Amino acid sequence: MPTTPPHPKFSAMEAPSTSSIEPKTPRIQPPLNLHTPHNPSPSRTIYSDRFIPSRSSSNFALFNITNNPSSSSSDDSTSAYNSLLKAALFGPEFGGTFSPLSPEKSYLYGKFGGRSSNNSVLQSTPTNCNIFKYKTETRKSLHSLTPFGFDYQLPGVSHSPVNTRRKVPRSPYKVLDAPALQDDFYLNLVDWSSNNVLAVGLSHCVYLWHASSSKVVKLCDLGIDDTVCSVGWAQRGTHLAVGTGNGNLQLWDATRCKRVRTMEGHRLRVGALAWSSSMLSSGSRDKSILQHDIRAQDNYVSKLSGHKSEVCGLKWSYDNRELASGGNDNRLFVWNQHSTQPVLKYCEHTAAVKAIAWSPHLHGLLASGGGTADRCIHFWNTTTNSHLNCMDTGSQVCNLAWSKNVNELVSTHGYSQNQIIVWRYPTMSKLATLTGHSYRVLYLAISPDGQTIVTGAGDETLRFWNVFPSAKSQVNHSVL
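Residues numbered from 1 in each chain as written. Predicted model: local features only at pLDDT ≥ 70, side-chain atom pairs only at ≥ 80, totals over all residues. Heavy atoms only, no water.

Quick notes on the overall build of the protein
Consideration 1: Of the regular secondary structure elements, the protein holds four helices and 28 strands.
Consideration 2: The 480 residues of the protein split such that 41% are buried.
Consideration 3: Excluding contacts between residues fewer than 6 apart, the proportion of contacts in the protein whose partners are at least 24 apart in sequence is 45%.
Consideration 4: Surface accessibility of the protein: about 27,600 Å² in total, with carbon and sulfur atoms responsible for 52%. (Helix = DSSP H or I, 4+ residues; strand = E, 2+ residues; numbered from the N terminus. Buried < 20%, exposed > 50% of the residue type's maximum accessible area, 1.4 Å probe, protein only. Contact = heavy atoms within 4.5 Å. Areas by Shrake-Rupley, 256 points an atom, 1.4 Å probe, with all protein chains shown as cover.)

What about the packing of aromatic side chains?
Describing an aromatic ring pair means giving the distance of the ring centres and the angle of the ring planes.
Consideration 1: Scanning all chains against the criterion turns up nine aromatic pairs.
Consideration 2: Measuring from centroid to centroid gives 5.3 Å for phenylalanine 185 and tyrosine 186, while their planes differ by 90°, and the two rings are edge-to-face.
Consideration 3: The buried category is assigned to phenylalanine 185, whose relative accessible area is 5%.
Consideration 4: Seen from their ring centres, phenylalanine 333 and tryptophan 335 are 6.1 Å apart, and the 80° between their planes marks the pair as edge-to-face. Across the pair, tryptophan 335 and phenylalanine 333 agree in class, each one buried.
Consideration 5: Taken together through their ring pairs, the aromatic side chains of Tyr173, Trp192, Trp209 and Phe464 make up a single cluster.
Consideration 6: In this structure, lysine 345 is placed above the aromatic ring of phenylalanine 333, and the distance from its NZ or CZ to the ring centre is 5.8 Å.
Consideration 7: Over the aromatic face of phenylalanine 185 sits the side chain of lysine 354, whose NZ or CZ is 5.5 Å from the ring centroid. (Phe/Tyr/Trp six-rings, centres within 6.5 Å; stacked < 30°, edge-to-face > 60°. Lys NZ or Arg CZ within 6 Å of the ring centre and 35° of its normal.)

Description of the environment of threonine 227
Consideration 1: Looking at the secondary structure, you find threonine 227 in the loop between strand E5 (215–221) and strand E6 (228–233).
Consideration 2: Separated by 22 residues in the primary sequence, threonine 227 and cysteine 205 have C-alpha atoms spaced 7.5 Å apart.
Consideration 3: Excluding anything up to four places from it in sequence, threonine 227 contacts Gln182, Ser203, His204, Leu222, Gly243, Thr244 and Gly245.

Points about the environment of proline 172
Consideration 1: Along the chain, the position of proline 172 falls in the loop between helix H3 (119–124) and strand E1 (174–177).
Consideration 2: Each C-alpha atom of the pair proline 172 and asparagine 466 lies 7.4 Å from the other, and the pair is 294 residues apart in sequence.
Consideration 3: Residues contacting proline 172, with those up to four places away along its chain left out, are Arg463, Phe464 and Trp465.

Description of the nonpolar core
Consideration 1: Residues Leu198, Leu208, Leu240 and Leu462 are the most contacted members of the largest nonpolar core, which totals 35 residues.
Consideration 2: Looking at which element gives the most residues to this core, the answer is strand E3 (residues 197–202), with five residues.
Consideration 3: Setting aside chain neighbours within four positions, we find leucine 462 in contact with Lys174, Val175, Leu176, Ala178, Leu181, Val190, Leu198, Val200, Val454, Thr455 and Gly456. (Core = buried A, V, L, I, M, F, W, Y, C linked by side-chain atoms within 4.5 Å.)

Details of the UniProt feature "repeat: WD" (unreviewed entry) in the protein
Consideration 1: Those places that UniProt annotates as "repeat: WD" (unreviewed entry) correspond, in this numbering, to residues 221–262, 304–345 and 434–467.
Consideration 2: Secondary structure across residues 434–467 comprises 0% helix and 56% strand; the distance between its end C-alpha atoms is 10 Å. (UniProt positions renumbered as here; feature names shortened; annotations may be inferred.)

What to know about the sheet that holds E1
Consideration 1: Strand order in the open sheet formed by four strands is E1-E28-E27-E26, and the pairing between neighbours is antiparallel. At either end of the open sheet lies a strand with only one pairing partner, and these are E1 and strand E26 (441–446). Going across the sheet, the axis of each strand differs from the next one's by a mean of 20°, ignoring polarity.
Consideration 2: When strand E27 (residues 452–457) meets strand E28 (residues 461–466), the two strands line up antiparallel, connected through five bridges. Paired with threonine 452 across the bridge in E28 is asparagine 466. (Pairing = 2+ DSSP bridges. Axes fitted to C-alpha atoms, helices over the stretch in contact; angles between N-to-C directions.)

Here we look at the pattern of salt bridges
Consideration 1: What the rule picks out here adds up to nine salt bridges.
Consideration 2: The salt bridge partner of aspartate 183 is arginine 440, with a shortest N-O separation of 3.3 Å. With aspartate 183 in the loop between E1 and strand E2 (190–192) and arginine 440 in the loop between strand E25 (429–434) and E26, this residue pair connects regions lying 257 residues apart in the sequence.
Consideration 3: We classify aspartate 183 as partly exposed; its relative accessible area is 35%.
Consideration 4: A residue is classified by how much of its surface remains accessible, and arginine 440, at 10% relative accessible area, is buried.
Consideration 5: The closest approach of N and O atoms between glutamate 310 and arginine 269, which form a salt bridge, is 3.0 Å. Highlighted residues: glutamate 310 in the loop between strand E13 (302–304) and strand E14 (311–316) and arginine 269 in the loop between strand E9 (258–263) and strand E10 (270–276), separated in sequence by 41 residues.
Consideration 6: Here glutamate 310 falls in the buried class, since its relative accessible area comes to 5%.
Consideration 7: Several salt bridges share partner residues, and in doing so they unite Asp184, Arg269, Arg285 and Glu310 into one network. (Salt bridge = Lys/Arg side-chain N within 4 Å of Asp/Glu carboxyl O.)

Focus on the side chain of serine 395
Consideration 1: Tracing the backbone shows serine 395 in the loop between strand E21 (386–392) and strand E22 (397–402).
Consideration 2: For serine 395, the side chain forms a polar contact with the side chain of histidine 413, separated by 3.4 Å.
Consideration 3: In this structure serine 395 touches Arg375, His413, Gly414, Tyr415, Ser416, Gln417 and Gln419, once residues within four positions along its chain are discounted. (Polar contact = N/O pair within 3.5 Å; in protein donor to acceptor, adjacent residues only side chain to side chain.)

This is the structure we're talking about:
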């Protein structure tokens, strides 16, 4: 009797003997497929890795649970969910009892879903509306990107957006050595130009640090008989004014590293400078403020008198119509373009007023900070001649600067905490408190893009901080 040839599956093994095993045709098990029907024997127990309960055979009475799928609460929740889902998918007319969408949203639903039949709404929208155009009215917070929006008000559901606090880095991203940077409250030795060049006065020299290339250039050397007391960039960023300890005012062309002219008039050191177009204001220890027109041949065109002690703070408003000055006599004065006497006088400070800053967001809003015995930041409305607010910072206020991108300001401090504080106006809530300097933070300048500040102190370091957002990011985020 011939033997059955072995199955190819067992070709690598010895074929079984026909006397003990009947020949069988091997069963080929199909691979697992979700679409392949499987009919097991009814008497065979099937074990699986998934458990799908059957509520019809559940004993709810054992746990004191009433199985009433047709209860009113279940119907309410189910109908509410179905209405929300229909309205989100097919438009408000399918949502049942819920409030209709706004015309703008109805237009978008009809535009994308193709189901809107509200012709009046579509006619009220612009016919040339470009749905792909980046528009201000379509920029919303992330919370508004829910499928149901803010128009649906459900009991027990809160739709208030989360007010997330903007994170400010607590450490400087760059630290530069500044040997011989003086620890003198009444000097102003750091300024950042519109061309992204930082000017720093060190002893009797002025150095330029190019932020784009980190290149350092020595602009001038006044000699051992004189010292640098103030630096100030012109608005175009090509010319730098240097106030000296001898009372002179030098004008330098930074691109050619060449002195243009020297203007006299002060008897003592010039510690404060402020530019207004072609007009340059200088404040001195001799208590006077001189107005210099760099186009004229005269050393100065007018002299402002009013302070009883050294002038240590000067700032022109953004519209170049008002000049604010602070002095060691604890006074804050406001001058107009043609006055030789102050038009506004504020006497609330109890210490020297060096920190002065005009708001770029609100016309006539002026902030001023007092020294060690004062420690306060005051806010004034020079348009209405009113005192708006006062904030006790707890330490000497050395500098103030507003952000041009957001309604915030930064202050630097001396005795006794040597900190930097970022404030949100008008609530004056603290966004960040930055530390790192071991001496009073006497110097402050802000970058041309309004995002970075540089601070200087008697510890002979310059520290760069990212404290403000960019202007583009503020357009995209309505909630900070």
